[in-house]
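Breakdown of the fold
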Amino acid sequence: MRLLALVLGIVLLALPAVGAQARIIVKLGTLAPEGSVWHDALLEVRQKWLAISDGEVELRIYAGGVLGGEDEMVRKLQRRSLDAVAISGGGLPHLDDSVDVLNIPLLFESYDELDFVRAKVAPDLEHRLEQRGYKVLNWSDAGWVYFFTKTPVRTPDDLRKLRLWISSGYPEAEKLLKEFGLRVVPLPVTDMLTGLQTGLVEAIDVPPLFALLDRSYEVAGYMTDLPWAPVNGAIVISSSAWENIPAEFHDALQEAINAVAEVAQTKIRQSGIDSIAEMQARGLNIVPLDAEALALWRREAQAAYPALRKSSSMPELFDQVLRFSAEYKQAQEGKN
């Protein structure tokens, strides 16, 4: 009897406690490097989710592109080897190319305008993504894209003389850019710096904070003073992974990520401004544009809008973005 009692005791100790929950791991991939504002925000979300769920839901972060470029991370999300991504506007179209309507060059002139237009079209974009099996947890941005080049670029023709990096996996974008005379070289983001160092590419378009963090400005030492387009971003989770989390936590987890993202967004936008000054202090050359050159860039960008609209999977949404942008600008003019 004593032996039987001992065996039963060992078996009972090996079993999980009654009511105990197995930890739910949410694997998230991102290009954000460790130590960046983006990564710090994700770490804060991780801690809040653990606290809200009493340790039941863990956000496991794979940062710095260790899982590949954004196109590869999207493939992992589709294969369910990843549950979520913190992804830029360059990668979002891999989930649904309708998101490209937020990447129209030289359309938005301020963060306030971007926030206004994005809030208007977000429900349509989120619905499209839901139909594909994804839930948007938060919209964000990573600053404005600028051209960093090995030689000064003041006009579109100056840029056409250089080999311009674009993120790989966008054949339609590559085709469009070539039609406008640009010499594009598709590479994963993780290979961009190597491409600059080896001379495979001579120009890149990235946010200043990114150029500072990966030190690409040391190779491409000229920055054209032209905010080309905002880098939209989002945290997206697969619908199946979200549904795997007990519904009782959903609202609190969503509120937590929104609160962290709001604070981080302010820091990121300010960091984008500060990073330009810091790179200048370290030797970056800013290429100024006069009114005539700026007008030329705008004319060429706007001339491309019909082709961009035609390539869009949702031309009606493209039109809405233009209309909301015009609506915002008119309202601002009325205040002056």
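Residues numbered from 1 in each chain as written. Predicted model: local features only at pLDDT ≥ 70, side-chain atom pairs only at ≥ 80, totals over all residues. Heavy atoms only, no water.

**Description of the pairing of strand E1 (residues 24-30)**
Extensive coverage of E1 is indicated by the burial of five of its seven residues. With six bridges connecting them, E1 and strand E2 (residues 57-62) associate as parallel partners. Directly across from Ile24, in E2, lies its bridge partner Val57. Crossover E1 to E2 through helix H2 (residues 37-52) is right-handed. One ladder, built from three bridges, connects E1 with strand E3 (residues 84-88); its direction is parallel. Following the sheet pairing, Gly29 is matched in E3 by Val85. (Buried < 20%, exposed > 50% of the residue type's maximum accessible area, 1.4 Å probe, protein only. Helix = DSSP H or I, 4+ residues; strand = E, 2+ residues; numbered from the N terminus. Pairing = 2+ DSSP bridges. Right-handed = clockwise from strand over helix to strand, strands pointing away.)

**Observations regarding the pattern of salt bridges**
Within the structure shown, the criterion is met by 20 salt bridges. When the shortest N-O distance is used, the salt bridge between Asp157 and Arg160 registers 2.6 Å. A residue pair is termed a helical-turn pair when its members lie 3 or 4 positions apart in one helix, as Asp157 and Arg160 do in helix H5 (residues 156-160) at three residues. Look at Asp157 and you get partly exposed, because its relative accessible area is 47%. (Salt bridge = Lys/Arg side-chain N within 4 Å of Asp/Glu carboxyl O.)

**Some thoughts on the packing of aromatic side chains**
Enumeration over the complete set of coordinates arrives at six aromatic pairs. Their ring planes at 45° and their centres at 5.5 Å tell us that Tyr111 and Trp144 sit as a pair that is tilted. Here the residue Tyr111 occupies a position in helix H4 (residues 111-131), and Trp144 occupies one in strand E4 (residues 134-149), the gap between them amounting to 33 residues. The class of Trp144 is buried, set by a relative accessible area of 10%. (Phe/Tyr/Trp six-rings, centres within 6.5 Å; stacked < 30°, edge-to-face > 60°.)

**What to know about the confidence of the model for the protein chain**
When the pLDDT values of the protein chain are averaged, the result is 89; 93% of them are 70 or greater. Across residues 1-20, where pLDDT falls below 50, the model places zero contacts with residues more than four positions away in sequence or in other chains. (pLDDT = per-residue confidence, 0-100. Contact = heavy atoms within 4.5 Å.)

**A closer look at the packing of H2 against helix H10 (residues 247-281)**
Two elements in contact, H2 and H10, have axes whose closest approach is 9 Å; the angle formed by their N-to-C orientations is 160°. In terms of orientation, H2 and H10 fall into the roughly antiparallel class. The element H2 and its partner H10 pack so that their crossing is right-handed. Note on element contacts: H10 touches H2 through Phe249, Ala252, Leu253, Ala256, Ile257, Val260, Ala264, Lys267, Ile268 and Ser271, opposite Val37, Trp38, Ala41, Glu44, Val45, Lys48, Trp49 and Ile52. Class assignment for the residues of the contact of H2 with H10 results in 14 nonpolar, one polar and three charged. (Axes fitted to C-alpha atoms, helices over the stretch in contact; angles between N-to-C directions. Parallel < 35°, antiparallel > 145°, perpendicular 65-115°, else oblique. Left-handed = near helix turned anticlockwise from the far one by under 90°. Nonpolar A, V, L, I, M, F, W, Y, C, P; charged D, E, K, R; others polar.)

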